[in-house]
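# Tertiary structure, described
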Amino acid sequence: MAFLSDTLARVKPSPTVAMTGKVGELKAQGRDVIGLSAGEPDFDTPDNIKAAAKAAIDAGKTKYTAVDGIAELKQAICDKFARENGLSYEPAQVSVSSGGKQVLFNALMATLNPGDEVLIPTPYWVSYPDMVLIGGGTPVFVEGDPATGYKISPEALEAAITPKTKWFLFNSPSNPSGAAYSRDELTALTDVLMRHPHVWVMTDDMYEHLVFDGFEFTTPAQVEPGLYDRTLTVNGVSKAYAMTGWRIGYAAGPKELIAAMRKVQSQSTSNPCTISQWAAVEALNGPQDYVTTSREAFKRRRDLVVAGLNACPGITCPTPEGAFYVYPSIAGCIGKTSAGGRKIETDEDFATALLEENDVAVVFGAAFGLSPNFRISYATSDAALNEACARIKAFCEGLS
Ligand SMILES: Cc1ncc(COP(=O)(O)O)c(C=O)c1O
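Rules used in this analysis
- Residues numbered from 1 in each chain as written.
- Predicted model: local features only at pLDDT ≥ 70, side-chain atom pairs only at ≥ 80, totals over all residues.
- Heavy atoms only, no water.
- UniProt positions renumbered as here; feature names shortened; annotations may be inferred.
- Core = buried A, V, L, I, M, F, W, Y, C linked by side-chain atoms within 4.5 Å.
- Buried < 20%, exposed > 50% of the residue type's maximum accessible area, 1.4 Å probe, protein only.
- Contact = heavy atoms within 4.5 Å.
- Helix = DSSP H or I, 4+ residues; strand = E, 2+ residues; numbered from the N terminus.
- Pairing = 2+ DSSP bridges.
- Right-handed = clockwise from strand over helix to strand, strands pointing away.
- Near = heavy atom within 4 Å.
- Polar contact = N/O pair within 3.5 Å; in protein donor to acceptor, adjacent residues only side chain to side chain.
- Nonpolar A, V, L, I, M, F, W, Y, C, P; charged D, E, K, R; others polar.

As annotated in an unreviewed UniProt entry, the chain is Aminotransferase from Thioclava marina. You can read under Sequence similarities (unreviewed entry) in the UniProt record for the chain the words "Belongs to the class-I pyridoxal-phosphate-dependent aminotransferase family." As its UniProt record puts it under Cofactor (unreviewed entry), the chain is described as follows: "pyridoxal 5'-phosphate".

What follows is the structure in structure tokens.
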């Protein structure tokens with residue numbers, strides 16, 4: 001009898017977490033590595049949010065709470081959806097968990113049966129397929145088009161839907177491509193979904209606030225109210241307020257689904273950290289200056305990185321609408337040999353050689369289901385990004 005479960009055998013550890021760990025190891029050995037693999041803002045959590053957490057501790061708000069969130073936070077979330085997304089929810093339609101990751105996990109756990117298919121556009125956030133597999137479902141990939149910055153077409157979505165499709169798992173702005181769908185592009189997808197009433201929509205809006213050049217963020221239930229009764233709108237404070245370590249994510253959707261997600265959480269982690277919940281109330285209800293200032297910084301860095309990468313022979317980098325990632329193609333580098341004698345046959349070869357020879361850590365595209373590419377997280381200082389681009393250029397110039 002095997003000790004480890006068969007389910008676990010199908011699941012791989014997160015490659016982004018693995019790369020971030022490798023960077024730590026190399027730095028500890030004294031190597032001057034620039035790590036561009038971690039998906040978190042380099043800014044500190046705003047002071048008003050920290051103060052709210054300290055006040056919560058001092059006021060003794062340190063006990064268990066209701067399983068899926070305190071009433072004050074659920075109300076703040078309803079207000080946020082009404083204010084920013086034009087979506088009307090009541091607190092019984094809201095679930096709060098330890099990060100957006102747990103929200104997504106609960107929803108999949110609560111709904112998947114063996115054979116259920118989940119449509120996932122590529123390139124995808126690394127955790128989606130594995131979460132689906134843990135839940136006993138089958139990930140079905142819909143390929144993003146390099147010509148549109150790696151967005152999927154309505155035709156590709158339509159072609160992937162079968163009678164077994166349970167969810168369409170949507171993420172805009174995207175990790176890893178940074179691509180964000182305009183209102184028209186999103187409507188073209190929701191038109192397809194309206195023709196298939198058995199398909200539910202799980203939309204991961206984690207990077208909602210990180211959009212540039214006046215881009216208007218929209219979410220499926222907002223552009224197509226006909227989808228409201230079968231959409232779970234997922235969001236969180238990690239990326240919007242530099243609160244990755246606080247672990248608060250949330251979702252709103254139909255009450256029966258939210259109740260089922262609560263059941264999963266009640267038998268696993270119970271409530272998310274009480275203090276973090278009070279901090280999240282302040283994040284959503286308090287001043288929003290951080291959102292604007294971080295957006296400006298990320299836009300400047302996006303422009304710097306896109307220009308730097310497009311100056312590298314063999315690399316083509318689209319300009320994404322949002323998030324803090326770029327997803328350049330390295331098609332022009334495949335088949336070449338690095339200055340250190342490494343043959344570049346895949347994007348993993350490229351990332352390995354770049355790290356070993358020029359001390360820049362990126363995540364190879366195969367980890368996100370679309371090759372040959374790599375992902376850079378530009379949530380780091382301008383100086384580090386300039387130096388990283390110079391090193392990548394030197395690496396590419398050394399290919400023969
Ligand atoms: C697309 C996407 N969704 C969800 C998450 C999860 O965020 P958290 O669990 O910190 O809320 C991340 C984090 O990297 C992400 O990139």
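The discussion continues.
## Points about the nonpolar core
Inside soluble globular proteins, nonpolar side chains tend to come together where they are buried. Residues Leu 232, Ile 315, Phe 350 and Ile 376 are the most contacted members of the largest nonpolar core, which totals 73 residues. Filtering out sequence-adjacent residues up to four positions away, Ile 315 remains in contact with Leu 309, Asn 310, Pro 328, Ser 329, Ile 330, Cys 333, Phe 350, Phe 374, Ile 392 and Cys 396. Counting residues in each nonpolar core, the second largest holds 29 residues, with Ala 56, Ala 221, Val 237 and Val 291 among its members.

## A word on the pairing of strand β5 (residues 165–171)
Across the seven residues that make up β5, a large majority, six, are buried. Here three bridges tie strand β3 (residues 117–122) to β5, and the two strands are oriented parallel to one another. Note on β5: the bridge partner recorded for Val 118 is Trp 167. Of the pairings in the sheet, the one linking β5 to strand β6 (residues 200–204) comprises five bridges and is parallel in character. Along β6, the bridge assignment pairs Asn 171 with Asp 204. The parallel pair β5 and β6 is bridged by helix α8 (residues 183–194), and the resulting crossover is right-handed.

## Considerations on the site of the ligand
The local shell around the ligand holds 13 residues, among which Gly 100, Asp 204, Ser 238, Lys 239 and Arg 247 are the closest. For the ligand, an oxygen atom lies 2.8 Å from a polar atom in the side chain of Asn 175. Separating an oxygen atom of the ligand from a side-chain N or O atom of Tyr 207 is a distance of 2.7 Å. Considered class by class, the residues forming the shell around the ligand number four nonpolar, five polar and four charged.

## Details of the environment of Thr 111
Among the structural elements, Thr 111 can be located in helix α5 (residues 100–111). Distance in space between the C-alpha atoms of Thr 111 and Ala 260 is 8.2 Å, their sequence separation being 149 residues. Beyond its immediate sequence surroundings of up to four residues, Thr 111 is in contact with Asp 116, Lys 166, Trp 167 and Leu 257.

## A word on the sheet that holds strand β12 (residues 374–377)
Strand order in the open sheet formed by three strands is β9-β12-β11, and the pairing between neighbours is antiparallel. Each edge of the open sheet is held by one strand with a lone partner, namely β9 (325–326) and β11 (363–364). As paired strands, β9 and β12 are joined by two bridges and run antiparallel to one another. Residue Tyr 325 lies in a different strand from β12, and its bridge partner there is Ser 377.

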